[in-house]
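# What the coordinates show
Residue strings, one per chain:
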Amino acid sequence: MQHRALRPGVEYEFEKLLISREHSRTAVTRMLVERAEHGGWELDRVQIKHDGTRRVLLRRRIIRQRTVFV
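All of the points below concern the structure found in this document. Owing to the predicted nature of the structure, the values given are computational and were not obtained by experimental measurement.

### A word on the pattern of salt bridges
Where charged atoms from two side chains of opposite charge come close, those side chains can pair. This structure, assessed with the given rule, holds four salt bridges. A salt bridge links E13 to R60, with the shortest nitrogen-to-oxygen separation between them at 3.1 Å. Placement of the pair is E13 in strand β2 (residues 10-19) and R60 in strand β4 (residues 54-62), with a sequence separation of 47 residues. Note on R60: relative accessible area 25%, which makes it partly exposed. Through salt bridges with shared partners, one network takes in E42, D44 and R59.

Below, the structure is given as structure tokens:
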């Protein structure tokens, strides 16, 4: 996993997935929906290669706790 700031003050954590062509479209959709609902991931990019494999890039926002001095 890698971390990257797309905008100032907003950081994202990324996860790369490589899904083989044996998995159906509905199975892949269910898997990605499951990750979105339970892990907080959102779809950033999907690339379908000429051999049918899917490269999926997921991202989720990193929320940092600020230290407040009183």
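Alright, that's what it looks like, and here's the rest.
### Observations concerning the side chain of R54
Counting through the fold element by element, R54 comes out in strand β4. Buried R54, no salt bridge; nearest opposite-charge side chain is E22, N-O distance 8.8 Å. Only 3.4 Å separates the side chain of R54 from the backbone oxygen of H23, close enough to count as a polar contact. Filtering out sequence-adjacent residues up to four positions away, R54 remains in contact with L17, L18, I19, S20, H23, S24, R25, V28, Q47 and I48.

### Structural notes on the pairing of β2
Working note: regular strand, side chains alternate between the two faces of the sheet. Burial analysis of β2 places seven of its 10 residues in the buried class, which makes it a mostly covered element. Looking at chain direction, β2 and β4 are connected through nine bridges and run antiparallel. Looking at the pairing, F14 lines up with R59 of β4.

### Quick word on the packing of aromatic side chains
Under the defined criterion, the tally for this structure stands at one aromatic pair. Note on Y12 and F14: the rings are 6.5 Å apart at their centroids and 50° apart in plane angle, and the pair reads as tilted. An identical accessibility class is assigned to Y12 and F14; each is buried.

Conventions adopted
Residues numbered from 1 in each chain as written. Predicted model: local features only at pLDDT ≥ 70, side-chain atom pairs only at ≥ 80, totals over all residues. Heavy atoms only, no water. Salt bridge = Lys/Arg side-chain N within 4 Å of Asp/Glu carboxyl O. Helix = DSSP H or I, 4+ residues; strand = E, 2+ residues; numbered from the N terminus. Buried < 20%, exposed > 50% of the residue type's maximum accessible area, 1.4 Å probe, protein only. Lys, Arg positive; Asp, Glu negative; His and termini not counted. Polar contact = N/O pair within 3.5 Å; in protein donor to acceptor, adjacent residues only side chain to side chain. Contact = heavy atoms within 4.5 Å. Pairing = 2+ DSSP bridges. Phe/Tyr/Trp six-rings, centres within 6.5 Å; stacked < 30°, edge-to-face > 60°.

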